[in-house]
Each structure stands twice: as structure tokens, then as C-alpha cells.
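# Notes for the structure review
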Amino acid sequence: MDYILVTKSRKDRRNKKKAVSRKLFFQGLKSLFVLLAWAFLVYLFQPFITAVVWWQGYQRLLLGKATAVAAVVKVFTMIEYVVCLGVLLFLAMLSWQEWKKWHSLHLVENDVVKK
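Model, not experiment: these values are computed from the prediction. (Residues numbered from 1 in each chain as written. Predicted model: local features only at pLDDT ≥ 70, side-chain atom pairs only at ≥ 80, totals over all residues. Heavy atoms only, no water.)

### Describing a nonpolar patch on the surface
Here is the rule: Only residues whose relative accessible area exceeds 30% and that take part in no salt bridge are eligible for patches, with like-charged residues grouped when within 9 Å of each other and nonpolar side chains (Val, Leu, Ile, Met, Phe, Trp, Tyr) grouped when within 5 Å. Per-residue accessibility takes into account occlusion by the displayed protein chains alone, with areas from the Shrake-Rupley method and a 1.4 Å probe. Here, a salt bridge means any Lys or Arg side-chain nitrogen found within 4 Å of an Asp or Glu carboxyl oxygen. The numbering of helices and of strands both runs from the N terminus, where a helix is a DSSP run of H or I of at least 4 residues and a strand a run of E of at least 2.
On the surface, Val34, Trp38, Phe40, Leu41, Val42, Tyr43, Leu44, Phe45, Phe48, Ile49, Val52 and Val53 cluster together into a nonpolar patch covering about 1200 Å² of accessible area. Put simply, the parts of the chain that give the nonpolar patch at least two residues each are helix H1 (10-44) and helix H2 (46-65). If one sorts the elements of the nonpolar patch by residue count, H1 sits on top with 7 residues.

This is how it looks when you write it as C-alpha cells:
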């Protein structure tokens, strides 16, 4: 005697398909959120990662390949020039600010004296 398996109704099968598709959708959504969280963490640690990469490059450049004293002297001379230029620009901006302050006070005093 052959037994015929009793199948679920169409409604139950449709609900199962919906449940499976919802489960897959939420798993994909969860994966997307995990990827976004990792991307955000990498974004937060980007300055630290950049500093480490720069430091490693500095060590390999100066300590590994540039063993000649002249190359190291050139690098430090360049750094010295950059610092001197920064100080000169700072002094120029500071003197410009002081001159503008003095000039505006002088104009206000002249306006008061004229009246």
C-alpha cells in the first residue's frame, strides 16, 4: 500500500518562504551593519594608523636605506628650513595684527579729536 504524504497547505508554504526570505534579509542587514561598524572603527583609528605608517617609513628611510650622513643632514636641514619659515610667517602675521590694531586705535583717536 502506498502512502501519500500529507503536505502543508499553500498558506503554510508561503509563510515559510516569507520567513526564510525575512531571515536572509535580516542576515544581510546584519552583515551590512557589521561592515559599517568596522569601517567606522577604521575611520576613527585612521590618524593612529597614519602615524604608525609614517613612523615606519621614517625608520626605513633614515635607518635602513639612508645610512649616509649627508642624506640625514639634508633631511634635518629641510626640517630646519620649514621651522624657520613657520617662525617667520608667525612673526609677520603677528606684526600685521599689531599694526592693524594700532592703526584702528589711531583712526578712532583721530575721529574723536576731530569732533
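### Looking at the packing of aromatic side chains
Formally: The pairing test for Phe, Tyr and Trp rings, Trp by its six-membered ring, is centres within 6.5 Å, and the orientation test on the planes gives stacked under 30 degrees, edge-to-face over 60, and tilted for anything in between. Categorising residues by exposure relies on relative accessible area from a 1.4 Å probe, with only protein chains included: less than 20% of the type maximum marks a residue as buried, more than 50% marks it as exposed, and the intermediate range marks it as partly exposed.
Enumeration according to the criterion identifies 2 aromatic pairs in this entry. Aromatic pair Phe25 and Phe26: ring centres 5.4 Å apart, planes at 70°, arrangement edge-to-face. By the burial criterion, Phe25 is exposed, and Phe26 matches it.

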